Amino acid sequence: TVDAAWSAGRLLVSTPVYYMAAPAQLKSFIDRTQCLYNRKYRMKERLPADKVASRRGGVIAVCGSKIVEAFNGLDLTMKYLFDSFQMTFAERLYVPHVDRPGEIMDHPERMEAARELGRRLVSAGG
């Protein structure tokens, strides 16, 4: 839920990318966080600076395209999502050319990179 994500110190989003954007299910969640944008920018409800400093978000995404630019739309969306959550967009792992279910398992180095990203996200900043 939006409230659970708001109170979390860490948020990791894992998603496929379709047509250079977040899929409908993720976009629906993101759209429901508009209230957090309003809370921060219209109502000026900001978390204490010491709490904001330790809040971190990350994203792991795959797409079927061979070009890294396919993640540009998602990257911008995630930047503003984490901003609304008053989190630092600290981690990202984008894996192009992965199209079929389970195909990521053919890339053990990327799986290890995802595990390492998770470790860093959880351990950094308190």
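Here the structure is a predicted model, which is why all the values come from computation and not from measurement. (Residues numbered from 1 in each chain as written. Predicted model: local features only at pLDDT ≥ 70, side-chain atom pairs only at ≥ 80, totals over all residues. Heavy atoms only, no water.)

Student: Lay out helix H5 (residues 72-84) in plain terms, naming residues and giving numbers.
Tutor: Its 13 residues give H5 an end-to-end C-alpha distance of 19 Å, which sits within 8% of 18 Å, the value for a rise of 1.5 Å per residue. Among the residues making up H5, those that are buried are Leu 74, Met 78, Leu 81, Phe 82 and Ser 84. Axial view of H5: buried residues confined to an arc of 150 degrees, hence all on one face. Among the residues trailing H5, Gln 86 stands out with phi positive, at a value near 55 degrees. (Helix = DSSP H or I, 4+ residues; strand = E, 2+ residues; numbered from the N terminus. Expected span 1.5 Å × (residues − 1). Buried < 20%, exposed > 50% of the residue type's maximum accessible area, 1.4 Å probe, protein only. Arc of directions from axis to C-beta.)

Student: Outline the nonpolar core, supporting the account with residue identities and numerical values.
Tutor: Grouped together as the largest cluster of nonpolar side chains are 20 residues, with contacts concentrated most on Val 13, Leu 26, Val 59, Leu 74, Met 78, Phe 82 and Tyr 94. Listing elements by their share of this core, those giving two or more residues are strand S1 (10-16), helix H2 (24-32), strand S2 (56-62), H5 and strand S3 (88-95). Among the elements that take part in this core, H5 stands out by supplying four residues, more than any other. Aside from chain neighbours lying at most four places away, what touches Phe 82 is Leu 11, Val 13, Gly 57, Gly 58, Met 87 and Phe 89. Ile 60, Leu 93, Val 95 and Ala 114 belong to the second-largest nonpolar core, a separate cluster that totals six residues. (Core = buried A, V, L, I, M, F, W, Y, C linked by side-chain atoms within 4.5 Å. Contact = heavy atoms within 4.5 Å.)

Student: Describe the sheet that holds S2, naming the residues involved and giving the relevant values.
Tutor: Taken together, the three strands give an open sheet; going across it, the order is S1-S2-S3, and neighbouring strands pair in parallel fashion. A strand with exactly one partner marks an edge of an open sheet, and here the two such strands are S1 and S3. Neighbour-to-neighbour, the strand axes of this sheet turn through a mean angle of 10 degrees, independent of strand direction. Examined bridge by bridge, S1 and S2 share seven bridges and lie parallel to one another. Along S2, the bridge assignment pairs Leu 12 with Gly 58. Together, S1, S2 and S3 form the strand contacts of H5, whose direction differs from that of S3 by roughly 155 degrees. (Pairing = 2+ DSSP bridges. Axes fitted to C-alpha atoms, helices over the stretch in contact; angles between N-to-C directions.)

Student: Summarise the pattern of salt bridges; cite the residues concerned and give the values.
Tutor: In total, this model carries ten salt bridges according to the counting rule given. The salt bridge involving Arg 56 is made with Glu 91; its shortest N-O contact spans 3.7 Å. Of this pair, Arg 56 sits in strand S2 while Glu 91 sits in strand S3, and the two are 35 residues apart along the sequence. Like Arg 56, the residue Glu 91 is buried in the burial classification. (Salt bridge = Lys/Arg side-chain N within 4 Å of Asp/Glu carboxyl O.)

Student: Residues and numbers for unusual backbone geometry, please.
Tutor: Peptide bonds are mostly trans, and most non-glycine residues show a negative phi. Positive phi, normally seen in glycine, also occurs at Lys 44, with a value near 60 degrees. For Lys 44, the location among the structural elements is in the loop between helix H3 (34-42) and helix H4 (49-54). For Lys 44, a relative accessible area of 56% corresponds to the exposed category.

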